[in-house]
Amino acid sequence: MAKSSFWQKVIDIDRRWIYLVIGIVTFVPILKYIGMPVAVTSEVKAVYDMIESLPPGSIVMVPMEFDPATAAELEPMSRAVLRHCFSRNLKVISTAFMIDGVVLIERDLREIAAEYGKEYGQDYVYLGYKPYMQIVLLNMGENFRKPFPRDYYGARLDELPMMFGVNNYSNISCIVNINATSGADYWINYASGRYGAKLALGVTAVMATDYYAFLQSGQIFGLIGGLKGAAEYEKLIGRNKDVANRSMDAVSVAHVFIILFIVIGNIAFFVTGRQKRL
Amino acid sequence: MQEVTFGTVLWMTSAAFLTICIFSFLYRDNPLYRFAEHLVVGVSAGYWIAILYHTSLTDLWIEPLGASISAFGQPGGSFVAKFGALVLNILPGLIGLLMFSRFFAKTSWISRWPIAFYLGVSAGVALPLFLQSFVVRQVAANMVNPADIFGTMAADLTILFNYGNSTLLFWQGFGELIIVVGCICGLAYFYFSAEHKGIMGGAAKVGIWILMIGFGATFGYTVMSRISLLIGRFNYLISWVSAIGDFLRI
């Protein structure tokens, strides 16, 4: 039963060999950029179109809720959205409701703003972190100054020229929430549901399928899902060689191998007759 | 290009070392992995306290409390208003301090009061809105007029057969049909008060297929998510090696 013993070996393979193969096939395409095509989906294009349609000087809110653990997916997305906003001379208000990401997000905002010569307080404002997100979101619907008397750097909001006359969501053209948590529900519930703000979401790939329902119901106008969504957005703003696009090669190759492993695993499962013993 | 200093290399090397410590768990559990795991828990706790103090406690409690105390030393204004403001600013702090009663077994029950207050407020605020956003709006999105769907599909097919080009509205209508049918069949699978036989059984079977397709899509996205995280770490390790190269002028 040589055939059977081969498949038995496949079934009994040490999983660390699989880790090693996935590690290698993911690592190699990062070193050598191939440039596999990335197709733009309508849900990502909708976010791009909305920002593209806003007149210069409009205020876009880009709340970013991610931490180092999810930065690999959401940081390229945030950077692409911020680059688009600043390149269109839109003003940006940002918050960070995930405590581990407060400093990370501040750095991203500062670096991208500097790329486009934007000035803090004039062109963008960073409100930082506040606990109990749902209460903060509700309060922001009344006035940003209630939950955020001061910005992240300690300045009173009324001291910042960009915030003159900007009180709540009604003064914001749209919100693009980049979120790695279930906090995205709160944005749908309070900012969009309670106060009627135009909302789009940028979420990790794990979360993406949960939020397509809200896209279909019209509660959000766009959805950027995971690194693929980030790559699409980079492509739309003409930055085809940024980190998300370069990473898509590795994603594609790794996916092919994972599918291959699933197929081989299933064949081995049936050939060795294990399904009968279940 | 930003200059790479010794400090940059030192911090990047620490982060790279910790990344490798975490990866070592893929081989098997070991002290290096546990060291990195404990470190992240400890550092996070300290970091959270610092961030919470600087971004929340100072401007939402300490400053307003200080202002309401100093208001007593300023002329004008009614005493009742000043006293009311002081009480309003003391109360949140007091309620928050009750949480520390958990440190003592005899008084730990007191900590239930701030928890109850927070849960009560959250539930009161959230429930009506959650029902609206996550139930009513979702149900409404599935209430599509079948005549509209079939009308759109028929119109598109007419254009296709008469003029040879499609407006793709057929597929939009087809998608809406799948959503409505999928939703009804999915719900049929979870309806346990009738035996899954006949029409009900058929609908439940379609419901299982719809659910499996949904789980498959979620699994696919999850795989992409995990691979993305691995890529993120690999990108970091590559930037670490290149930073060392820049520092040593290799």
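Residue positions are given per chain, counting from 1 as you read along its sequence in written order. Each chain takes a letter, starting from A, and each ligand takes a number, starting from 1, following the order in which they are written. With pLDDT at 70 or above as the cut-off, local features in this predicted model cover only qualifying residues; side-chain atom pairs require 80 or more to be listed or tallied, and sums for whole chains, interfaces and linings still use all residues.

Brief notes about helix α3 (residues 79-97) of chain B
Phase 1: With 19 residues, α3 of chain B should reach 27 Å at 1.5 Å per residue; the first-to-last C-alpha distance of 27 Å fits that figure.
Phase 2: Burial runs low along α3 of chain B: only zero of the 19 residues are buried. In DSSP terms, a helix is any run of H or I states spanning at least four residues, a strand is any run of E spanning at least two, and both are numbered starting from the N terminus. For a helix, the expected span equals 1.5 Å multiplied by the residue count minus one. Burial is judged by counting the other C-beta atoms within 10 Å of a residue's own C-beta: 20 or more makes it buried, 12 or fewer makes it exposed, and any count in between marks it as partly exposed, with every C-beta position built from the backbone.

Observations regarding the domain arrangement of chain B
Residue and element names in this part refer to chain B.
Phase 1: Assigned domains of chain B: these are domain 1 (6-103) and domain 2 (144-247).
Phase 2: The interface of domain 1 with domain 2 comprises six residues on the first partner and seven residues on the second.
Phase 3: A breakdown of the residues in the side of domain 1 that touches domain 2 according to their chemical character gives three nonpolar, three polar and no charged. These domain boundaries are the output of an automatic or database domain assignment. Once C-beta atoms have been placed from the backbone, residue pairs whose C-beta atoms lie within 7 Å are recorded as contacts. Classification convention: Asp, Glu, Lys, Arg as charged; Ala, Val, Leu, Ile, Met, Phe, Trp, Tyr, Cys, Pro as nonpolar; all other residues, Gly among them, as polar.

A look at unusual backbone geometry
Residues and elements named next belong to chain A.
Phase 1: Despite not being glycine, N89 has its phi angle at roughly 60°, a positive value.
Phase 2: Positionally, N89 belongs in the loop between α4 (71-87) and β3 (91-95).
Phase 3: C-beta crowding within 10 Å serves as the criterion here: with 14 such atoms nearby, N89 is assigned to the partly exposed category.

Notes on the interface of chain B and chain A
Phase 1: Contact residues are listed per partner, giving 37 residues for chain B and 45 residues for chain A.
Phase 2: Sorting the residues of the side of chain B that touches chain A by element identifies α2 (31-70), α4 (112-141) and α7 (198-247) of chain B as the ones contributing at least two each.
Phase 3: Ranked by residue count, the leading element in the side of chain B that touches chain A is α7 of chain B, at 17 residues.
Phase 4: Split by residue class, the side of chain B that touches chain A holds 21 nonpolar, 14 polar and two charged.

Some words on the pairing of β3 of chain A
Residue and element names in this part refer to chain A.
Phase 1: The buried fraction of β3 is high, at five of five residues.
Phase 2: The two faces of β3 match: K91, I93 and T95 on one face and V92 and S94 on the other face are all buried.
Phase 3: Between any two strands, at least two bridges found by DSSP are needed for them to pair. As defined by bridge partners, strand β1 (residues 59-61) adjoins β3 across three bridges and the pair is classed as parallel. Following the sheet pairing, M61 is matched in β3 by I93.
Phase 4: Judged from the four bridges that link them, β3 and strand β4 (residues 124-128) form a sheet pairing that is parallel. Within β4, the position partnered with V92 by the bridge is Y124.
Phase 5: Consider the strands pointing away from the viewer: the crossover is right-handed when the path from the first strand over the helix to the second runs clockwise. Each parallel crossover has a hand, and for β3 linked through helix α5 (residues 102-115) to β4 it is right-handed.

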